[in-house]
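Below are the chains, spelled out letter by letter.
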Amino acid sequence: MTIEGNFLKEKRDKHIAFCEDIDSICRKHTILDESDIAFIHKTAEALVHTARKLGRDCFINCVRASGNDTVTVAGAYAPNSLYNYTTIGAIISDDDEPAVLRTFRYGLVSRDTHAMSYTTTEGNNIIQDCYPIKRNGKVIGVIVIERDMTKEDLETWKKVVYHEPDISSYPVLDNLVKLAECVNDGIIILNQNKSVIFRNDRAQKIYQGYGYIQDIYDKDYDDFSFHGPIHVGPGIENSENHTELRCAGNHFEIGEYCYFDREYYYVIVIKDVTQEKEKEENLIHKSVVVRETHHRVKNNLQTVYNLLDMQRRRLPEERMKLALSEAMNRIASIASAYELLSQEGAEIINILDLLKKITADFKRLVNSSSDIELHIEVKGDNVFVTMDDATDIALVVNELLQNTFKHAFNNRGFGRVGVTVLKRPLYSELIVSDDGEGFDCDKADRADEGFGRRIAENIVKQKLKGQILYLSDSTGTSVVFTFRCIENNTI
């Protein structure tokens, strides 16, 4: 619970029942129109009499614009109030006062429900009754009437009583009761009048966690339903309906089933999926963090690239410029992988997309720093790999492209390069080919020509656990290497 302004600090005269300024709080926190606010104002005026008559603290709460919590817009305190300070302007969460949002969402009365507030009671525990304020067919607010939680209330709340199933009246229970106690979901069975004729212990504990201090057995289901009115019934036998919702800080999946066995019955199954939802939210959060990390790494690599480019432009010797250009290309190839990851927010990369980015960057650098007009075509299958493999493949392709540029097109002003990726069972293939002059594969290990080749071979064999093959003649060169891809596009 949070408090608007400094209301908690203001000492209140416990013997005076009152309403605070409703208009400003409603306009700031809700989406109520002026006529709705006026109606709330009129309802609030009656709270003073109600609080004195019942001897209980009474409040009006309206839902905030987010729809996930409420704000206390008016209050009338009893002479023996549970509060020492005003709570007008308090933001009330579903975790602390679940019955308030339930009543607002479904327009249903909620009685004898546990809540927590800034009271003088032990453990800040109170009991609430909540009534909807309706205007023109919609709920615009909730009247909340509070009392102290007694020891008897606490004992009732914590106790789970076993009720012997009335099998003589409801023979259908004979087949369901034992099974219902063996599952971890809440099971509630209703008769055709929608009264509870059976609930397992798990169901009662779920409702205790929600704040209901009374046993739900033999109660009208509409009086305590998490999800509002039942959506299945006579005329649609063997039907079902599923609802997902969050209440009292937990996430639930609620299934409704109706079937006929001499009379109509309803089965309600309540599954607590809080852990699954939290894991899902954690994965989403992790994905956002990882994506931001990839974006920052890419930016840092781009900064290094730009610094090297500034240095390269100032160097007088072409050999030194070429060495820096090669280093820049290696950095750019790694940065391309991180850029794709930061855009897609996943831990896997489509190699075809990565190759298009790498070759475009390589071609741009070559065309701006040499007289050779390079044409690069990328084609093939959609093949997915992990982040680590993607950076390794990017480096290998970069080394092969640099070797092609340096050695394949001597005394030529134009060259063609093809980059193809082919999906195969278990290991996929990547081919880098050119229409250059070719070379003798057996004599390509000299220090001035074989450094890039050795980098590519080491990465393929040691890190990608694949193989690499060179094919070359007078019509050009093709280099094929293999790598393990991800099946079904998932890690």
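Engineer: Quick question: what am I supposed to make of the overall build of the chain here?
Structural biologist: Per the secondary structure count, the chain includes twelve helices and 19 strands. The buried share of the chain, reckoned over its 491 residues, is 48%. A total accessible area of about 24900 Å² is found for the chain, and carbon and sulfur atoms account for 49% of it.

Engineer: I keep staring at the sheet that holds strand 10 (residues 239-247) and nothing clicks. Help me out?
Structural biologist: The strands that make up a sheet are held in pairs by hydrogen bonds between backbone atoms, and each pair lies either parallel or antiparallel. Overall, antiparallel pairing links the five strands, which are arranged 9-8-12-11-10 in an open sheet. The open sheet has two edge strands with one neighbour each: strand 9 (196-199) and strand 10. Going from strand to strand, the sheet's axes swing by 20° on average, the running direction of each strand aside. Bridging between strand 10 and strand 11 (residues 250-260) involves nine bridges; their strand directions are antiparallel. The partner of Glu244 across the bridge, within strand 11, is Glu253. The strands touched by helix 7 (residues 201-210) are strand 8 (186-190), strand 9, strand 10, strand 11 and strand 12 (264-272); relative to strand 8, the strand with the most contacts, the crossing angle is about 105°.

Engineer: Honestly, the packing of aromatic side chains in this entry has me stumped. Any pointers?
Structural biologist: Where two aromatic rings form a pair, the distance of their centres and the angle of their planes describe that pair. In the structure shown here, the tally under the stated rule is 13 aromatic pairs. With 5.9 Å between their ring centres and 75° between their planes, Tyr77 and Tyr83 make a pair best called edge-to-face. Residue Tyr77 is classed as buried on the basis of its relative accessible area of 1%. Considering the side-chain rings of Tyr207 and Phe226, the 4.4 Å spacing of their centres and the 25° angle between planes classify their relative orientation as stacked. Of this pair, Tyr207 sits in helix 7 while Phe226 sits in the loop between helix 7 and strand 10, placing them 19 residues apart in sequence. Here Tyr207 matches Phe226 in class, with each residue buried. Here the guanidinium or amino end of Arg453 rests over the ring plane of Tyr470, the centre of that ring lying 4.1 Å away.

Engineer: Please explain the packing of helix 1 (residues 22-29) against helix 2 (residues 34-45) as it appears in this structure.
Structural biologist: Relative placement of two packed helices is described by the angle separating their axes and the distance separating the axes. Viewed as axis vectors pointing N to C, helix 1 and helix 2 meet at an angle of 140°, and their least axial separation amounts to 10 Å. By the angle between their axes, helix 1 is oblique relative to helix 2. Judged by the twist between their axes, the crossing of helix 1 over helix 2 is right-handed. On helix 2, the residues that touch Ile22, Asp23, Cys26 and Arg27 of helix 1 are Glu34, Ile37, Ile40, His41 and Ala44. For the contact of helix 1 with helix 2, the per-class residue count stands at five nonpolar, one polar and three charged.

Engineer: So what exactly am I meant to see when it comes to the environment of Ser433 here?
Structural biologist: Assignment of secondary structure puts Ser433 in strand 17 (residues 427-434). Among residues more than four places away in sequence, those in contact with Ser433 are Arg416, Val417, Gly418, Thr477 and Ser478.

Engineer: Would you mind going over the sheet that holds strand 17 with me for this structure?
Structural biologist: Strand order in the open sheet formed by five strands is 14-16-17-19-18, with mixed pairing between adjacent strands. At either end of the open sheet lies a strand with only one pairing partner, and these are strand 14 (373-380) and strand 18 (468-473). Neighbour to neighbour, the strand axes of the sheet diverge by 15° on average, direction disregarded. As paired strands, strand 18 and strand 19 (residues 476-484) are joined by six bridges and run antiparallel to one another. Pairing of Leu469 across the sheet is with Val480, part of strand 19.

Engineer: What's the story with the pattern of salt bridges in this structure? I'm lost.
Structural biologist: Two side chains of opposite charge can pair, provided their charged atoms sit close to one another. Going through the model one piece at a time under the given rule, you end up with 19 salt bridges. We note a salt bridge from Arg56 to Asp129, for which the minimum N-O separation is 3.7 Å. One end of the pair, Arg56, is in the loop between helix 3 (47-54) and strand 2 (57-63); the other, Asp129, is in strand 6 (residues 125-135), and 73 residues separate them in sequence. The class of Arg56 is partly exposed, set by a relative accessible area of 26%. Close ionic contact of Arg424 with Glu429 constitutes a salt bridge, the shortest N to O distance being 3.9 Å. A residue is classified by how much of its surface remains accessible, and Arg424, at 37% relative accessible area, is partly exposed. For Glu429, a relative accessible area of 24% translates into the label partly exposed. Overlapping salt bridges bring together Asp23, Arg27 and Glu34 as one network.

Engineer: I would appreciate a short explanation of unusual backbone geometry in the present structure.
Structural biologist: Excluding glycine, most residues fall at negative phi; most peptide bonds, likewise, are trans. If you check the backbone angles, Asp218 has positive phi at about 70° while not being a glycine. Looking at the secondary structure, you find Asp218 in the loop between helix 7 and strand 10. The phi dihedral of Lys465 falls on the positive side, at around 55°, and the residue is not glycine. For Lys465, the location among the structural elements is in the loop between helix 12 (447-463) and strand 18. Accessibility expressed as a relative area gives 56% for Lys465, which makes it exposed.

Engineer: What is the right way to read the nonpolar core from this model?
Structural biologist: Nonpolar side chains in soluble globular proteins generally cluster together in the buried interior. Counting residues in hydrophobic clusters, the biggest one holds 44 residues, and the most contacted among them are Leu354, Ile393, Val419, Leu430, Phe481 and Phe483. Sort the elements by how many residues they give to this core and helix 11 (residues 387-407) lands first, with ten residues. If sequence neighbours within four positions are ignored, Phe483 has contacts with Val383, Val385, Ile393, Val421, Leu426, Tyr427, Ser428, Glu429, Leu430 and Leu464. Listed in part, the 37 residues of the second largest apolar core include Ile25, Tyr77, Leu82 and Ile133.

Conventions and cut-offs
- Residues numbered from 1 in each chain as written.
- Predicted model: local features only at pLDDT ≥ 70, side-chain atom pairs only at ≥ 80, totals over all residues.
- Heavy atoms only, no water.
- Helix = DSSP H or I, 4+ residues; strand = E, 2+ residues; numbered from the N terminus.
- Buried < 20%, exposed > 50% of the residue type's maximum accessible area, 1.4 Å probe, protein only.
- Areas by Shrake-Rupley, 256 points an atom, 1.4 Å probe, with all protein chains shown as cover.
- Pairing = 2+ DSSP bridges.
- Axes fitted to C-alpha atoms, helices over the stretch in contact; angles between N-to-C directions.
- Contact = heavy atoms within 4.5 Å.
- Phe/Tyr/Trp six-rings, centres within 6.5 Å; stacked < 30°, edge-to-face > 60°.
- Lys NZ or Arg CZ within 6 Å of the ring centre and 35° of its normal.
- Parallel < 35°, antiparallel > 145°, perpendicular 65-115°, else oblique.
- Left-handed = near helix turned anticlockwise from the far one by under 90°.
- Nonpolar A, V, L, I, M, F, W, Y, C, P; charged D, E, K, R; others polar.
- Salt bridge = Lys/Arg side-chain N within 4 Å of Asp/Glu carboxyl O.
- Core = buried A, V, L, I, M, F, W, Y, C linked by side-chain atoms within 4.5 Å.

The quantities given are spatial measurements derived from coordinates; they are silent on function.
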